[in-house]
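Spelled out from the first residue to the last, the chains are:
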2 protein chains.
Amino acid sequence: MNDLKSFLQNNSSKKVIAVQGLGFVGSVMSLVCANAINGNYAVIGVDVPTKRGKKITDDLNNGIFPLVAEDPKIDQLFKKSIAKENFFATTETDVYKVADVVIIDVNLDIDKENHASGELINYNVDLALFKKAISSIGQNCKEDALIIIETTIPPGTCVEVVKPIIHNCLKERNLPLDKIKIGHSYERVMPGPNYIDSIQNFYRVYSGIDEKSANAVELFLHTIIRTDEYPLTRLGNTNATEMAKVLENSYRAMNIAFMVEWSRFAEEACVDLYEVVDAIRLRPTHANLMYPGIGVGGYCLTKDALLASWARQNLIGENEPLNQSEIAININDQMPRFAFEFLQKHCPNLKDAKILLLGVSYRGDVGDTRYSPVEMLFNYLVETGSTVSCHDPYVKYWDEQSLNIDQDLSTHLNQSLDIIILSTGHSIYKQDKTVDKIYNLEPLLIFDTIGHLSNKQINRLKKKHTVKVLGRGDI
Amino acid sequence: MNDLKSFLQNNSSKKVIAVQGLGFVGSVMSLVCANAINGNYAVIGVDVPTKRGKKITDDLNNGIFPLVAEDPKIDQLFKKSIAKENFFATTETDVYKVADVVIIDVNLDIDKENHASGELINYNVDLALFKKAISSIGQNCKEDALIIIETTIPPGTCVEVVKPIIHNCLKERNLPLDKIKIGHSYERVMPGPNYIDSIQNFYRVYSGIDEKSANAVELFLHTIIRTDEYPLTRLGNTNATEMAKVLENSYRAMNIAFMVEWSRFAEEACVDLYEVVDAIRLRPTHANLMYPGIGVGGYCLTKDALLASWARQNLIGENEPLNQSEIAININDQMPRFAFEFLQKHCPNLKDAKILLLGVSYRGDVGDTRYSPVEMLFNYLVETGSTVSCHDPYVKYWDEQSLNIDQDLSTHLNQSLDIIILSTGHSIYKQDKTVDKIYNLEPLLIFDTIGHLSNKQINRLKKKHTVKVLGRGDI
């Protein structure tokens with residue numbers, strides 16, 4: 001079905017939802033809306049008219065979902081929406097003319113400038129593209145549309161940026177300002193096996209620029225989320241929900257950074273930080289202490305603290321940065337370098353080493369490679385002259401490195417190898433059959449950067465190989 | 001009973017435990033040992049031969065416990081030990097000659113240099129007193145004594161400081177080195193209503209400088225802790241247990257600092273951080289997010305991160321500081337100043353204001369005033385010319401300010417007042433009868449620095465008074 005007109009005719013009885021941005025959040029959000037648990041919507045996914053955007057929308061209209069889906073529910077819901085014929089994708093912004101609800105899921109990126117060591121030198125938030133996206137809605141939307149921002153934005157953005165743009169557009173179109181509704185309700189989407197549930201079956205926080213807006217957001221969210229089990233929380237203003245999102249991700253990033261910094265100390269002191277963390281976690285107040293690792297990746301935790309700190313300096317007055325949260329990003333960004341240096345100590349001749357990286361995505365059992373810390377480790381190894389091959393069961397093509405990845409683990413293991421690096425916590429790598437295969441190789445160095453192997457597996461492997469685990473005081 | 005000789009004769013069948021240091025930990029640890037659940041010990045508490053030390057030991061021998069005890073078990077155990085006649089206190093170090101077990105509970109302080117704003121300028125760890133305390137044991141102890149350090153010490157101290165001192169002393173005394181046992185097992189003592197339980201009924205981590213030492217510590221701990229319910233955890237070396245203690249307290253201090261910094265941002269953005277935290281806490285990974293407050297106090301959280309950072313720079317090689325953890329201390333130290341400036345905004349004429357501080361200790365329902373953040377707030381107010389009176393049901397004499405505190409709340413409330421500041425979370429202050437009394441006063445400014453009042457109480461008080469809560473976006 002490639003025709004918007006016939007799509008709308010077929011769905012003429014339904015409210016229309018436009019979802020702006022068909023990336024990791026918007027594409028899946030579209031599915032959730034098209035299969036609303038308490039509503040019956042016609043959903044139009046909108047992406048930018050670039051080559052990539054056109055491919056995504058064409059694919060969607062031709063029955064091809066743009067993401068490799070580890071969550072079987074994605075395929076199920078996509079098939080249902082095809083059968084119901086209530087999901088259409090386009091790059092034309094005039095579809096906002098017919099939308100009752102517009103959901104904004106475009107990216108708001110940050111420009112980070114890092115030293116070669118990973119150290120954060122500078123960063124900047126450029127709102128230009130985001131403003132353009134909001135304008136395209138303001139120039140087309142119904143005067144009484146409900147506009148919901150799901151994008152993670154700097155606190156203050158709804159009031160200081162979105163509202164003025166939409167109001168100016170409406171004024172230029174000689175439309176009243178008192179009917180439009182603007183709300184903010186951030187997603188907590190978690191790519192992986194619970195992708196759909198992370199929208200449908202999870203807690204939601206929301207707000208509006210006024211009470212009418214907040215009420216409208218609330219009504220809408222009840223139609224797509226199981227709010228009986230996961231009650232909604234309304235906060236006092238949009239600053240509050242915007243802050244909640246970046247606060248929760250800053251907190252997470254900080255907790256990771258804490259362990260990153262202490263894992264370096266632990267190595268210096270020959271302390272096994274894993275057993276220390278296990279001992280401390282017995283205290284309920286400390287149960288969420290993280291384990292050490294190679295650092296943090298993904299789209300959110302690598303930047304949200306900086307969005308917040310930027311907002312504090314540029315959008316809400318002109319105040320100090322959020323030092324504690326900024327330093328967290330800085331520490332995490334340097335962890336891949338530390339892992340590389342750790343390896344150098346144990347293998348001074350890295351230049352001639354043949355290395356296999358097990359996992360390139362940033363998270364176990366997920367194929368998302370955005371800002372993966374493995375990428376920096378990979379780059380350091382390649383720059384030093386090592387021969388590096390990569391395996392990842394969830395990544396066929398490593399976008400950021402323009403690299404095809406052979407999915408057959410045996411092929412990788414059958415080549416001549418000096419070092420195997422466990423770099424992503426995919427389940428397959430800790431299966432005993434995988435460990436058996438590694439055990440049977442000629443003696444080599446196994447470097448577990450994420451504490452993925454069990455003590456039993458480590459002890460077995462050590463009978464033949466050299467095994468080093470980051471954070472175990474193995475230096 | 002004032003005579004050590006007769007004490008030892010009366011207890012000749014028992015193993016002797018000496019507890020070095022009779023402060024907040026050692027005095028209570030002595031009681032727990034004298035009333036060991038699986039042992040029968042003669043306990044000698046040892047303090048320094050200063051005027052204060054002599055008073056403490058004399059008091060103990062005369063049936064006066066040195067701490068105001070909110071935990072009824074303290075009184076019970078003290079009376080039992082008096083009846084059993086198995087607890088003696090002294091300032092003589094030669095008692096270590098008869099001790100089978102020596103437990104070290106002396107303080108290891110840090111010298112912090114703070115700017116008037118609270119900003120941390122510098123800090124230093126001076127081990128001289130600690131070394132002296134260890135020497136006094138080494139010069140007297142049995143060659144096969146078990147020495148357990150409970151003091152929070154910089155990671156590396158047991159191996160780099162304690163062991164060499166003890167070994168040197170033994171060498172000088174022409175005694176063998178292979179019989180002495182040195183272990184580390186940090187306390188998690190929490191002054192307050194569960195004082196005794198925080199030793200007897202809580203998880204313990206321990207280690208030894210060798211296996212023999214670790215085994216001996218384990219055997220001993222089984223006799224004083226309910227290890228059936230709270231199993232012991234042995235860590236690989238003393239660096240690990242030393243690190244575990246400062247790590248868990250650094251983590252806590254960091255989590256507090258995180259909310260301190262964000263609470264300032266929240267004020268600027270008119271965001272009620274309490275409702276934000278409540279919304280985020282629904283996520284199990286974020287359930288231990290703290291609420292905003294006036295900062296952090298007490299003996300541990302204000303310094304332990306610095307002990308760790310100092311050790312990383314001075315005891316374990318010569319490495320970088322633990323930046324993330326140091327900055328936490330720095331942020332927390334500045335919070336009382338922020339609370340003061342917040343108040344200034346709402347009351348420009350603080351100079352002439354009559355102010356009542358409700359609570360001076362650092363923690364609710366506890367009388368411990370060490371490093372209380374209320375002290376800094378008190379100082380700022382006094383310096384600015386305000387007339388400040390203080391109430392605290394748990395503090396009769398405010399040591400750090402050499403101030404007698406009238407325990408009768410009504411007397412305080414009956415004076416003419418402009419501002420009431422809720423500064424410590426004692427239960428009595430949120431009882432409705434207290435709120436009623438405050439309600440009935442002439443209109444004044446109520447400043448809740450710790451989010452102690454309920455929304456209902458705030459709304460009621462607001463009908464007559466001005467109420468401001470730190471972290472609620474009330475600026």
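The coordinates are above.
Small disclaimer: the values here were computed from a predicted structure and weren't measured.

It is worth spelling out the side chain of serine 135 of chain B at this point. Note on placement: serine 135 of chain B falls in helix 5 (residues 128-138). Residue classification places serine 135 of chain B among the buried positions, given a relative accessible area of 19%.

This brings us to helix 2 (residues 26-34) of chain A. Buried residues dominate helix 2 of chain A, accounting for nine of its nine residues. Taken residue by residue, helix 2 of chain A has Gly26, Ser27, Val28, Met29, Ser30, Leu31, Val32, Cys33 and Ala34 of chain A as its buried positions.

Here the focus is the relation of the copies chain A and chain B. Each copy superposes on the other: chain A lies on chain B with an RMSD of 0.0 Å after a rotation of 180° and an axial shift of 0.0 Å. Taken together, the rotation and translation relating the two chain copies correspond to the operation of a two-fold axis. Relative to the rotation axis, the closest C-alpha in chain A is found at glutamine 324 of chain A, a distance of 3.4 Å. Here 100% of the interface residues in chain A have copies in chain B that are interface residues too; the copies meet face to matching face.

Across all of its chains, the model carries 28 aromatic pairs over all chains by this definition. Between phenylalanine 258 of chain B and tryptophan 262 of chain B, the ring centres sit 5.6 Å apart and the planes meet at 40°, which makes this aromatic pair tilted. Taken as a pair, phenylalanine 258 of chain B and tryptophan 262 of chain B lie in helix 9 (residues 238-268) at a separation of four residues, close to a single helical turn. Judged by relative accessible area, phenylalanine 258 of chain B falls into the buried class, the value being 0%. Given the relative accessible area of 0%, tryptophan 262 of chain B is considered buried. Each residue in the set Tyr251 of chain A together with Phe258, Trp262 and Phe265 of chain B is aromatic and connected to the rest through ring pairs, giving one cluster. In this structure, arginine 460 of chain A packs its charged tip against the face of tyrosine 439 of chain A, placed 4.2 Å from the ring centre. The aromatic ring of phenylalanine 24 of chain B is capped on one face by arginine 370 of chain B, whose charged end is 3.8 Å from the ring centroid.

Turning next to the pairing of strand 9 (residues 204-208) of chain B. All names here are of chain B. Counted residue by residue, strand 9 has five buried out of five residues, so it is predominantly covered. Across the two faces of strand 9 the burial is the same, with Arg204, Tyr206 and Gly208 and Val205 and Ser207 all buried. Here strand 8 (residues 181-184) runs beside strand 9; their pairing, made up of two bridges, is antiparallel. Considered in strand 9, the bridge of histidine 184 is made with serine 207. In terms of strand pairing, strand 9 meets strand 10 (residues 232-234) through three bridges, oriented parallel. Residue pairing for strand 10: valine 205 is matched across the bridge by threonine 233. In this fold, strand 9 hands off to helix 8 (residues 211-224), which returns the chain to strand 10; that crossover is right-handed.

Conventions used here
- Residues numbered from 1 in each chain as written.
- Chains lettered and ligands numbered in written order.
- Predicted model: local features only at pLDDT ≥ 70, side-chain atom pairs only at ≥ 80, totals over all residues.
- Heavy atoms only, no water.
- Helix = DSSP H or I, 4+ residues; strand = E, 2+ residues; numbered from the N terminus.
- Buried < 20%, exposed > 50% of the residue type's maximum accessible area, 1.4 Å probe, protein only.
- Least-squares fit on C-alpha atoms with pLDDT ≥ 70 in both.
- Contact = heavy atoms within 4.5 Å.
- Phe/Tyr/Trp six-rings, centres within 6.5 Å; stacked < 30°, edge-to-face > 60°.
- Lys NZ or Arg CZ within 6 Å of the ring centre and 35° of its normal.
- Pairing = 2+ DSSP bridges.
- Right-handed = clockwise from strand over helix to strand, strands pointing away.

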